[in-house]
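Each chain, written out:
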Amino acid sequence: MSDGTTTRGTSSAAQAGLSNLLHEERRFPPSAEFSAQANGQPDLYDRAAADRVGFWEEQARALHWDTPWDTALEWDAPFAKWFVGGTLNVAYNCVDRHVEAGHGDQVAIHWIGEPGDTRTITYADLQREVAKAANALTELGVQKGDRVAIYLPMVPEAAVAMLACARIGAPHSVVFGGFSADALASRIDDASAKLVITADGGYRRGAPSALKPAVDEAVARTTSVEKVLVVRRTGQDVAWDDAKDVWWHEVVDRQPDTHAYEPHDAEHPLFILYTSGTTAKPKGILHTTGGYLTHVSYTHRYVFDLKPDSDVYWCSADIGWVTGHSYIVYGPLANRATQVMYEGTPDTPHKGRLWEIAQEYGVTILYTAPTLIRTMMKWGEEIPQGYDLSALRVLGSVGEPINPEAWVWYRRVIGGDRTPIVDTWWQTETGGLMISPLPGVTTLKPGSAQRPLPGISAEVVDDSGNPVPNGGGGYLVLTEPWPGMLRGIWGDDARYTETYWSRFPGRYFAGDGAKKDDDGDIWLLGRVDDVMNVSGHRISTTEVESALVSHPKVAEAAVVGATDPTTGQAIVAFVIPRGDAAAATAQGDALVQELRNHVSKEIGPIAKPRQILVVAELPKTRSGKIMRRLLRDVAENRSVGDVTTLADSTVMDLISQQLPAAA
Ligand code: WTA
């Protein structure tokens, strides 16, 4: 890392961000009124500090266990087992127990389709739907332990399908509906999924967008899938294979609406969720049952201050990401939340859509991403100001560092200068929230996620793994196991150990740079590895590079994440064409367009580079590593930094000369 080839934390962009953050001195203490009613009180920190594992046991007791655990934690680093010997059923905890406690008529999900159609699903409805889906899965041959891929738009069936899988103990692998057939195929293959649950399509930006063709393509390329269960959402035409394809409304709807659940072992696999790492192959992050549900329900209750009888909660993420898993499905439902779920895009049919929904349903807690907040800032505050948002009382942020200006705007314009904002740092791997303020307890600092939550232990360390003093910066590590932690990478224990536990032995390496301020509060600074964060989505530079070089006209490619005012980072690619570079450059825009579409087809539209620059050379060290740091300087319009470690120091001049004025 010493030559800066792969280190993002030391990039000049991060440094610039750092000095901005150091000047952030605004403080927002909790109001007495909020503190008095808050679920979280300062003693939570003391109790967790006095007996960390005992504290987690106390949180686990908020769930229904069929068999109590014998041992709370078995830690054979880096492999953890939580609540060993205990058994429970996640679907029972998220649905049935609320009905049994007399809350069957409470709305679980207010669902809003993009075209304006709505569905209201009570906990009793959800219980029947999950039971039918669980019975259908069994009829389709899915047994405990079998993997099920879910590739759906944001329709209630997505939550129902996940809960039905959890109920019968079939780990799900949800693949974001915006991913390509290729990405879906590799995920189906890696987990040997037996069933795929999909839809004909979903609504995006005012039009039906097909999903089934990608499934057909992926299924044709893989060998494990026996059946494809298809939800009819848009009514568009679909190709049909009678041997494999079955309609949800034909198979699920006719099932009995009760289902006797089986308790599963606390460590039974609940789901696999793929995320980008530093190589081209995404990692299948494995989560299990008891610890995960404990972690997500605990954090959801305290960080969002959920009051199940009066709140209307809304997390605007897609179910295809971990935020949707933990804070749309498992955490909120375990806590008996009433929530809003919206199918579509924020600007369809108009740019006030989200605020219109928040007003109509009286949303009290909103959890969204900085990229969305910055987009709203761009669109203008008069849009949200046209709606009554006075019911809002807690706002959350996730996915990337939130810049103080966006934070302050979020609080003033959306939160009416009144609401606490919880900036929640966590990852697919952590399962649930890790570093976040507690509303009603913490004096908030715009731009900082602040403290590890009670029960969580984090540190910022230097290159040699020593904790940095207050005021210092380095790498974020997690120093003790936690219940929601990943249990491994599906099928690859070696990669698990290597990726997370070898950089600082015995400690979990998060891949994020961080800084501790004079009070010891943590400020996240972005990734320090080759993972980009585009609109809160993790995309690896290597993944995009390998998509680019799979195109016949590309000889070599280097990809960097460049700071972008709306998306946080944007993908900028430098491409050496095959054969005659001059001829390729002459093709200009056509080639660039072709390559952008190619990446979109290979990975998905979210990975489409913002910019592709056709160049004759790439800057490399003597050992042949691409110096992305220099490319990032170019992509961010900065003067190019230190080039002394380049094998050929003239390369950067050459690249700069070739750049179109726009770069
Ligand atoms: C980044 C999303 C700063 C971080 C839940 C992390 C954040 C990656 C924050 C995980 C935050 C997420 N402040 N950075 N509040 N939340 N990140 O797996 O780089 O999609 O490592 O999980 O997003 O992304 P993932």
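### Overview of the packing of aromatic side chains
Then, in step 1: Taken as a whole and assessed by the stated rule, the structure comprises 32 aromatic pairs.
Then, in step 2: Ring geometry for Phe-504 against Phe-509: centres 5.9 Å apart, planes inclined by 65 degrees, an arrangement best described as edge-to-face. Judged on exposure class, the residue Phe-504 and its partner Phe-509 are both buried.
Then, in step 3: Three or more aromatic residues link up through ring pairs in this structure, and these residues are Trp-75, Phe-79, Trp-482, Tyr-496, Tyr-500, Trp-501 and Tyr-508.

### Topic: the site of the ligand
Then, in step 1: Close to the ligand lie 17 residues; Asp-423, Thr-424, Thr-428, Asp-512 and Arg-527 are nearest.
Then, in step 2: Separating a nitrogen atom of the ligand from a backbone N or O atom of Gly-399 is a distance of 3.1 Å.
Then, in step 3: The contact in question runs from an oxygen atom of the ligand to an N or O atom on the side chain of Gln-427, over 2.9 Å.
Then, in step 4: Relative to its unbound accessible surface of 530 Å², the ligand loses 96% to contact with the protein.

### Topic: helix α4 (residues 52-60)
Then, in step 1: Taken together, the buried positions of α4 are Arg-52, Gly-54, Phe-55, Trp-56, Gln-59 and Ala-60.
Then, in step 2: Where α4 is buried, its residues touch α3 (43-50), β1 (71-76), β2 (79-84) and α11 (290-303).

### Considerations on empty space enclosed by the protein
Then, in step 1: Summed over all chains, the structure comprises two cavities of 30 Å³ or more.
Then, in step 2: Taken as a whole, the largest cavity encloses approximately 40 Å³ of empty space.
Then, in step 3: What lines the largest cavity is Val-174, Val-175, Phe-176, Phe-179, Arg-187, Leu-273, Tyr-274, Gly-320 and Trp-321.
Then, in step 4: Considering only residue class, the lining of the largest cavity consists of seven nonpolar, one polar and one charged.
Then, in step 5: Estimated volume of the second largest cavity: approximately 30 Å³.

### Quick notes on the sheet that holds strand β19 (residues 394-397)
Then, in step 1: With mixed pairing, the seven strands of this open sheet are ordered in space as β5-β4-β17-β16-β18-β19-β20. Across the chains shown, the open sheet's two edge strands, defined by having one partner strand only, are β5 (118-122) and β20 (421-423). Strand-to-strand, the axes of this sheet are offset by a mean angle of 20 degrees, without reference to chain direction.
Then, in step 2: Relative to strand β18 (residues 365-368), strand β16 (residues 313-315) runs parallel, the two being bridged by three bridges. Looking at β18, one finds that Cys-315 is bridged to Tyr-367.
Then, in step 3: Against the sheet, helix α7 (residues 156-168) contacts β4 (107-112), β5 and β17 (339-342), and its axis sits at roughly 30 degrees relative to β5.

### Section: the environment of Ala-557
Then, in step 1: Within the secondary structure, Ala-557 sits in strand β28 (residues 554-564).
Then, in step 2: It is 38 Å that separates the C-alpha atoms of Ala-557 and Leu-270, two residues lying 287 residues apart in sequence.
Then, in step 3: Excluding its chain neighbours within four sequence positions, the residues that come into contact with Ala-557 are Glu-545, Leu-548, Val-549, Phe-574, Val-575, Leu-618 and Ile-626.

### Quick look at unusual backbone geometry
Then, in step 1: Residue Ala-77 is joined to Pro-78 through a cis peptide bond whose omega torsion reads 0 degrees.
Then, in step 2: A cis amide bond links Thr-348 to the next residue, Pro-349, at an omega of -5 degrees.
Then, in step 3: Structurally, the position occupied by Pro-349 is in the loop between β17 and α13 (353-361).
Then, in step 4: Phi at Gln-450 takes a positive value of approximately 75 degrees, unusual for a residue other than glycine.
Then, in step 5: Assignment of secondary structure puts Gln-450 in the loop between β20 and β21 (458-461).
Then, in step 6: The buried category is assigned to Gln-450, whose relative accessible area is 2%.
Then, in step 7: The phi dihedral of Asn-637 falls on the positive side, at around 60 degrees, and the residue is not glycine.

### A short note on helix α17 (residues 493-501)
Then, in step 1: Taken as a whole, α17 has its buried residues at Arg-495, Tyr-496, Tyr-500 and Trp-501.
Then, in step 2: Buried residues belonging to α17 abut β1, β2, β15 (283-288), β23 (488-489) and β24 (508-516).

### Some thoughts on the sheet that holds strand β11 (residues 227-231)
Then, in step 1: Taken in spatial order, the eight strands make up an open sheet running β12-β11-β8-β6-β7-β14-β15-β23, and their pairing is mixed. Single-partner strands in this sheet number two, and they are β12 (245-247) and β23.

### A few points about the pattern of salt bridges
Then, in step 1: One pass over the structure, following the stated rule, counts 44 salt bridges.
Then, in step 2: With its nearest N and O atoms 2.7 Å apart, the salt bridge here joins Arg-233 to Asp-117. You can see Arg-233 sitting in the loop between β11 and β12 and its partner Asp-117 sitting in the loop between β4 and β5, a full 116 residues away along the chain.
Then, in step 3: Residue class for Arg-233 comes out buried when judged on its relative accessible area of 15%.
Then, in step 4: Two residues, Asp-529 and Arg-527, come together in a salt bridge whose shortest N-O distance is 2.6 Å. Considered together, Asp-529 and Arg-527 belong to a single accessibility category, that of buried residues.
Then, in step 5: A network of salt bridges, in which partner residues are shared, links Lys-445, Arg-451, Asp-517, Asp-519 and Asp-521.

### Section: the confidence of the model for the chain
Then, in step 1: Put simply, the chain has an average pLDDT of 93, and 95% of its residues get 70 or more.
Then, in step 2: The low-confidence segment residues 1-17 (pLDDT under 50) makes 42 contacts with residues lying over four places distant or belonging to another chain.
Then, in step 3: Scoring the predicted complex yields pTM 0.92 and, for the interface, ipTM 1.00.

### Let's talk about the state of the cysteines
Then, in step 1: For the structure on display, the rule yields zero disulfides.
Then, in step 2: No disulfide involves Cys-315; its nearest neighbouring cysteine sulfur is the one of Cys-94, lying 15 Å away.

### Overview of the pairing of strand β8 (residues 195-199)
Then, in step 1: Across the five residues of β8, five count as buried, placing the element largely inside the fold.
Then, in step 2: Burial along β8 is two-sided: Leu-195, Ile-197 and Ala-199 facing one way and Val-196 and Thr-198 facing the other are all buried.
Then, in step 3: With four bridges joining them, strand β6 (residues 148-151) and β8 adopt parallel strand pairing. Of the residues in β8, the one forming a bridge with Ile-150 is Ile-197.
Then, in step 4: Relative to β11, β8 runs parallel, the two sharing five bridges.

Scoring rules and cut-offs
Residues numbered from 1 in each chain as written. Predicted model: local features only at pLDDT ≥ 70, side-chain atom pairs only at ≥ 80, totals over all residues. Heavy atoms only, no water. Phe/Tyr/Trp six-rings, centres within 6.5 Å; stacked < 30°, edge-to-face > 60°. Buried < 20%, exposed > 50% of the residue type's maximum accessible area, 1.4 Å probe, protein only. Near = heavy atom within 4 Å. Polar contact = N/O pair within 3.5 Å; in protein donor to acceptor, adjacent residues only side chain to side chain. Areas by Shrake-Rupley, 256 points an atom, 1.4 Å probe, with all protein chains shown as cover. Helix = DSSP H or I, 4+ residues; strand = E, 2+ residues; numbered from the N terminus. Contact = heavy atoms within 4.5 Å. 1 Å grid on protein atoms, 1.4 Å probe; cavity = no way out; pocket = protein on both sides within 12 Å on 5 of 7 lines; lining within 4 Å. Points joined across faces, edges and corners; volume = space filled by probe spheres on them. Nonpolar A, V, L, I, M, F, W, Y, C, P; charged D, E, K, R; others polar. Pairing = 2+ DSSP bridges. Axes fitted to C-alpha atoms, helices over the stretch in contact; angles between N-to-C directions. Salt bridge = Lys/Arg side-chain N within 4 Å of Asp/Glu carboxyl O. pLDDT = per-residue confidence, 0-100. Disulfide = S-S within 2.5 Å.

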